[in-house]
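Okay, here's what each chain looks like letter by letter:
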Amino acid sequence: MKVLGIESTCDETAVAVVDGTEILSHKIASQTEIHALYGGVVPEIASREHLKRINILLRDALLESGGIDSIEGIAVAARPGLEGSILVGLTAARTLSFLTGLRLEEVDHLEAHLFAWPFLEKLTPPGLGLVVSGGHTRLVYIKKWGDYEIISDTRDDAAGECFDKVASMLQLKYPGGPEIEKAAKEGDRKRFIFPVANLKGSLDFSYSGLKTSVLYKIKYDFNGKLSEKDRKDIAASFQDAAFKPLVKNAIDGAKKTDSGWILVCGGVAANSRLREMFRKPAEMAGIKTLFPPLKLCTDNAATVAACGEFYLKKTD
Ligand code: KG4
Ligand code: ZN
């Protein structure tokens, strides 16, 4: 089924056309350079930028994939996210659906992250999803596609947000995740020991302590003055501390729910060190881990379209 997907929940305007496991068009206009000037996403600017870009992306994606007449359904990410930003994509999708008579599926942005799976391989539930993004850090037990149980969440900040804040402390640009990954590659990850949240008896996550500990390290141990080497070593040590609980809780969660596989998705899943840190413990536990290609980790409309297609085809 050929589905047009639209995503505008945060600072990426994205439009894609997907047919089954084939991505016919994949357009993303990122606003990160604009928001980098402010150190983070400014909601009012984000919605205005979506408005400037959405029609251009719709036109380009449809031109590339055979035109609106070839489309069989529409999907849009309708929650959660920045209200003003969501309204841009949602209004475009509802208007298109109204004018063409095509069915519209309004999907959940986090569920859409999980729907990177159709582009990987046939994944048969039950399994576990680890959604790690700028706004969420969550373990989802996937009983069936469309039937989920959230088994843990963050108690405070999301992992991605923590990367963005620590990057700003290290005077790296926004978004912080890719910048920290880059700096960490040349850093000594054993130089500093940052606290890893261990919430006894729970698979929940917590990132506020780690964030504060990096802040105090820079402020009190270095008096705010970091050399290039200090910056890289802090990035590497922080990154490992941030990932330890993701790996541990996901594997414990998979064992607890008897899940044979873990799908890691959302923007933070793009990180190569996270992929590496999962490898050994997952192998030892006999659990398969799956990571989407980078363009399907961060916000995009192909996964939105895939999620929409699932519901548009669903008959029960
Ligand atoms: O899923 P996403 O694109 O948007 C949200 O739904 O939030 O995730 C964005 C988050 C940002 O916090 C960004 O810093 C983080 O994902 N991120 C990364 C990497 N690429 C993006 N974090 C760590 N390493 C990366 N390579
Ligand atoms: Zn996202």
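Residues numbered from 1 in each chain as written. Chains lettered and ligands numbered in written order. Predicted model: local features only at pLDDT ≥ 70, side-chain atom pairs only at ≥ 80, totals over all residues. Heavy atoms only, no water.

**Regarding the coordination of the zinc ion (ligand 2)**
The protein atoms donating to the zinc ion (ligand 2) are His109 (NE2), His113 (NE2) and Asp299 (OD), with metal-donor distances spanning 2.0 to 2.1 Å. Counting gaps between the donor residues of the zinc ion (ligand 2) yields the pattern H-x3-H-x185-D. With histidine 109 in helix α4 (residues 109–114) and aspartate 299 in the loop between β10 (288–290) and α10 (302–313), the pair connects residues that are 190 residues apart, well separated along the chain. (Donors = N, O, S within 2.8 Å, 3.2 Å for Na, K, Ca; no water. Helix = DSSP H or I, 4+ residues; strand = E, 2+ residues; numbered from the N terminus.)

**Observations concerning the domain arrangement of the protein**
By the assigned domains, the protein splits into domain 1 (2–116 + 297–314) and domain 2 (124–291). Using C-alpha coordinates to define each centre, domain 1 is positioned 27 Å away from domain 2. The interface of domain 1 with domain 2 comprises 17 residues on the first partner and 18 residues on the second. Between domain 1 and domain 2, the buried area comes to about 1,400 Å², and carbon and sulfur atoms account for 77% of it. When the area that domain 1 buries against domain 2 is broken down by residue, the three leading residues are Leu110, Leu114 and Cys297, summing to 46%. The interface formed by domain 1 and domain 2 includes zero salt bridges. Broken down by secondary-structure element, the contributors of at least two residues to the side of domain 1 that touches domain 2 are α1 (32–36), α4 and α10. The leading source of residues in the side of domain 1 that touches domain 2 is α4, at four residues. (Domains from an automatic or database assignment. Contact = heavy atoms within 4.5 Å. Buried area = accessible area lost by both parts, 1.4 Å probe. Salt bridge = Lys/Arg side-chain N within 4 Å of Asp/Glu carboxyl O.)

**A look at helix α9 (residues 272–285)**
Here α9 spans 21 Å end to end across 14 residues, near enough to the 20 Å set by a 1.5 Å rise per residue. Along α9, the helix axis deviates most sharply at arginine 279, where the bend reaches about 30 degrees; the proline proline 281 sits within four residues downstream. Residues of α9 that are buried: Arg273, Leu274, Met277, Phe278 and Ala282. Its buried side turned inward, α9 meets β6 (127–132), α6 (176–184), α8 (228–256), β9 (261–265) and β10. N-cap assignment for α9: the residue whose side-chain oxygen lies 2.8 Å from the backbone N of arginine 273 is asparagine 271. Positive phi appears at glycine 286, one or two residues downstream of α9, with a value of about 70 degrees. (Expected span 1.5 Å × (residues − 1). Bend = angle between axes of the 7 residues up to and from the residue. Buried < 20%, exposed > 50% of the residue type's maximum accessible area, 1.4 Å probe, protein only. Polar contact = N/O pair within 3.5 Å; in protein donor to acceptor, adjacent residues only side chain to side chain.)

**With respect to the site of ligand 1**
Around ligand 1, the structure places 20 residues, and the nearest of them are Gly134, Asp164, Glu181, Asn271 and Asp299. In this structure, an oxygen atom belonging to ligand 1 sits 2.7 Å away from a side-chain N or O atom of aspartate 164. The side chain of glutamate 181 places a nitrogen or oxygen atom 2.8 Å from a nitrogen atom of ligand 1. When isolated, ligand 1 has an accessible area of 550 Å², and the protein chains bury 89% of it. Judged by its atoms lying within 2 Å of the grid points, ligand 1 is housed in the largest pocket. Among the elements of the structure, α4, α5 (159–169) and α6 are those that each provide at least two residues to the shell around ligand 1. Counting residues per element, the shell around ligand 1 draws most heavily on α6, at four residues. Here the residues of the shell around ligand 1 are counted per class, giving five nonpolar, 12 polar and three charged. Here the shell around ligand 1 spans two domains, and each of domain 1 (2–116 + 297–314) and domain 2 (124–291) adds at least three residues to it. (Near = heavy atom within 4 Å. Areas by Shrake-Rupley, 256 points an atom, 1.4 Å probe, with all protein chains shown as cover. 1 Å grid on protein atoms, 1.4 Å probe; cavity = no way out; pocket = protein on both sides within 12 Å on 5 of 7 lines; lining within 4 Å. Sits in = over half its atoms within 2 Å of the grid points. Nonpolar A, V, L, I, M, F, W, Y, C, P; charged D, E, K, R; others polar.)

**Some details on the sheet that holds strand β4 (residues 73–79)**
Taking strand neighbours across the sheet as the criterion, the five strands line up as β3-β2-β1-β4-β5 in an open arrangement whose pairing is mixed. Of all the strands in the sheet, just β3 (22–30) and β5 (104–108) have a single pairing partner and so form its edges. Across this sheet, the average inter-strand angle for adjacent strands is 20 degrees, counted without regard to direction. Looking at chain direction, β4 and β5 are connected through five bridges and run parallel. For isoleucine 74, the partnering residue across the bridge sits in β5 and is leucine 104. Across the sheet, helix α2 (residues 43–65) lies against β1 (2–7), β2 (12–19) and β3, angled at about 160 degrees from β3, the strand it touches most. (Pairing = 2+ DSSP bridges. Axes fitted to C-alpha atoms, helices over the stretch in contact; angles between N-to-C directions.)

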